[in-house]
Amino acid sequence: MYIFVYGTLMRECVSHDLMENALFICKARTSQKYLMLDLGPFPGVLQNKNASFINGEIYNIDEQLLSKLDDYEGNWYFRSEVELDNGMTAQMYFLKDIPSTVKETSFVIPSGIWEDKRGENIKTVIGNILQTNRTLPQGHKDTLAYEVHNNLYLNITNKCSASCTFCIRDLCDGVFGYDLWLSRDPTLEEMLSHLRSVDLHKYKEVVFTGFGEPTASFSILLAITKWLHGQGIKVRLDTNGHAALINPGIDVVGELKKAGLDAVSISLNAQNEDLYNQLCIPKYPGSYQAMLAFTRQCIDAGISTRMTVVKVPEIDIEVCEQIAKNMGATFFVR
């Protein structure tokens, strides 16, 4: 029978000697998403949370070794059959629940790749996405929304999951004469109060974009989108596509679709992962693949989807345009 392992039983890991009688088949990942946690010296996966595909290795084992592995995994885990991205099925160990003894020290691994995260606690990254510190002058007034090109743009956070080398906020305080630095993230009530004070129907669309990644304030984003949709307003999200990593365990595209989002503009910004990591400096491993997956999901959900790039010398615009075309998205150079 086949077993799929993703932690200490993998090659070059601390407990791989238990697999000495197993036949290595190949590397693979699950075809469905689950939630991977680092529990300290080993990982665990929750079956009922939809966060990321789990990466690991497939082995062919006998019943004797399976019984041995059941004993090794102990009372914290149970075994279930899963489908893998190569079409194979295998047994896989899942956490019954997060054990109380490690609940306070465990943290999510958004990439679903445990070997990349051994010894690195990113709990603070997930709870505290990059916030650029900024000393604001006394009397500073936050810009919650601004008008450009017959659109209304909403500035709901300065938090971001990347530190792009070409980001305009490293060069200026805003765009089109608007200062977009916030003293704090606005509340839902503050945003809705502002929106009720303007004639929304005079705009082509209302767009979530500002000096941060809007999905870092996902609950507010969803609530405002739903409210705007109820007013018959077209809503677009400008995003880096990291939403699933920022909000693990949430079907972000499903929630956006349900809230009534009409369109999404996703920052592609590189023709390959290595260049993307150099230019965008993402805070989560696997951000490039997460961005591509987010794009596919938006297209599949029927959300009007555009991919964009910034015109800098390192980016091959023609290749990026082809990537967008192949995925079924439109393309735009910012």
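None of the values given here were measured: they were computed from a predicted structure.

S.K.: Just to check I follow, could you spell out the packing of aromatic side chains for this structure?
M.R.: The description of an aromatic ring pair uses the distance of the two centres, along with the angle that the planes make with each other. For the structure on display, the rule yields eight aromatic pairs. Centroid distance Phe24 to Tyr59: 5.5 Å. Interplanar angle 65 degrees. Geometry classified as edge-to-face. Placement of the pair is Phe24 in strand S2 (residues 23-38) and Tyr59 in strand S4 (residues 52-60), with a sequence separation of 35 residues. Given the relative accessible area of 27%, Phe24 is considered partly exposed. Geometrically, the ring pair formed by Tyr276 and Tyr288 is tilted, given 5.1 Å between the ring centres and 55 degrees between the ring planes. Pair noted here: Tyr276 is in helix H7 (residues 273-280) and Tyr288 is in helix H8 (residues 287-300), with a separation of twelve residues, a long-range link. Summarising the burial analysis for this pair, Tyr276 and Tyr288 share the class buried. Taken together, the aromatic side chains of Tyr34, Phe78 and Phe94 make up a single cluster linked through ring pairs. Between Arg11 and the ring centre of Phe24, over which it is positioned, the NZ or CZ distance is 3.8 Å.

S.K.: Please explain the packing of helix H6 (residues 252-259) against H8 as it appears in this structure.
M.R.: How two helices sit against one another is set out by the angle between their axes and by the gap between those axes. Look at H6 against H8: their axes get within 9 Å of each other, and the N-to-C directions meet at 35 degrees. Note on packing geometry: the crossing formed by H6 with H8 is right-handed. Every residue of H8 that contacts H6 at Val252, Val253 and Leu256 is listed here: Phe294, Gln297 and Cys298. A per-class count over the contact of H6 with H8 returns five nonpolar, one polar and no charged.

S.K.: Help me out: how do you make sense of the nonpolar core in this one?
M.R.: Most often, soluble globular proteins have nonpolar side chains that are buried together. Of all hydrophobic cores here, the largest spans 57 residues; its most connected members are Leu154, Ile224, Leu228, Leu268 and Phe294. Sort the elements by how many residues they give to this core and helix H4 (residues 218-230) lands first, with six residues. Apart from the residues within four sequence positions on either side, Leu228 is in contact with Leu154, Leu195, Leu200, Val206, Ile233 and Val235. Ala22, Leu66, Leu84 and Phe94 belong to the second-largest nonpolar core, a separate cluster that totals 41 residues.

S.K.: What should I look at first to understand the environment of Asp316 in this one?
M.R.: As for its placement among the helices and strands, Asp316 is situated in the loop between strand S15 (304-309) and helix H9 (317-327). In this structure the C-alpha to C-alpha distance between Asp316 and Gln271, which are 45 residues apart in sequence, comes to 6.5 Å. Within polar-contact distance, the side chain of Asp316 engages the backbone nitrogen of Val319 at 3.1 Å.

S.K.: Where do I start with the pattern of salt bridges in this structure?
M.R.: Note that side chains of opposite charge can pair when their charged atoms are close. Taken as a whole, this structure holds eight salt bridges when the rule is applied. When the shortest N-O distance is used, the salt bridge between Glu190 and Arg184 registers 2.6 Å. The class for Glu190 is partly exposed, based on a relative accessible area of 29%. Note that Glu255 is salt-bridged to Lys258, the shortest N-O span being 3.3 Å. Of this pair, Glu255 and Lys258 both sit in helix H6, three residues apart, which is roughly one turn of that helix. Owing to a relative accessible area of 64%, Lys258 belongs among the exposed residues under this scheme. When salt bridges with common partners are traced through the structure, they connect Glu205, Arg236 and Asp238 into a single cluster.

Rules of the game
Throughout, a residue's number is its position along its own chain's written sequence, starting from 1. pLDDT decides what is reported in this predicted model: residues at 70 or higher carry local features, side-chain atom pairs at 80 or more are listed and counted, and totals for whole chains, interfaces and linings draw on all residues regardless. Water and hydrogen atoms play no part in the side-chain values, which are based on all heavy atoms of the structure. Planes of paired rings set the category: under 30 degrees apart is stacked, over 60 is edge-to-face and the rest tilted, where pairs are Phe, Tyr or Trp rings (Trp by its six-membered ring) whose centres lie within 6.5 Å. Put simply, DSSP H or I for four residues or longer makes a helix, DSSP E for two residues or longer makes a strand, and each gets a number counted from the N terminus. In this scheme, a residue with accessible area under 20% of its type's maximum is buried, one over 50% is exposed, and one in between is partly exposed, where area comes from a 1.4 Å probe on protein chains only. The rule is short: NZ of Lys or CZ of Arg within 6 Å of the ring centre and within 35 degrees of the ring normal puts a charge over the ring. For helices, the fitted axis covers only the stretch in contact; all axes are lines through C-alpha atoms, and the angles between them, taken along N-to-C directions, range from 0 to 180 degrees. Handedness of a crossing is defined here by the sense of rotation of the near helix relative to the far one, left-handed for an anticlockwise turn of less than a right angle and right-handed for a clockwise turn. Between two residues, a contact is recorded if the distance between any of their heavy atoms is within 4.5 Å. Each residue gets one of three labels, nonpolar for Ala, Val, Leu, Ile, Met, Phe, Trp, Tyr, Cys and Pro, charged for Asp, Glu, Lys and Arg, and polar for the others, Gly among them. By convention a nonpolar core is built from buried Ala, Val, Leu, Ile, Met, Phe, Trp, Tyr and Cys residues, the set being connected through side-chain atoms within 4.5 Å. Two N or O atoms count as a polar contact when they lie within 3.5 Å, although within protein this holds only if one can serve as hydrogen donor and the other as acceptor, and sequence-adjacent residues are included solely when both atoms are side-chain atoms. Salt bridges are defined as contacts in which a side-chain nitrogen from Lys or Arg sits within 4 Å of a carboxyl oxygen from Asp or Glu.

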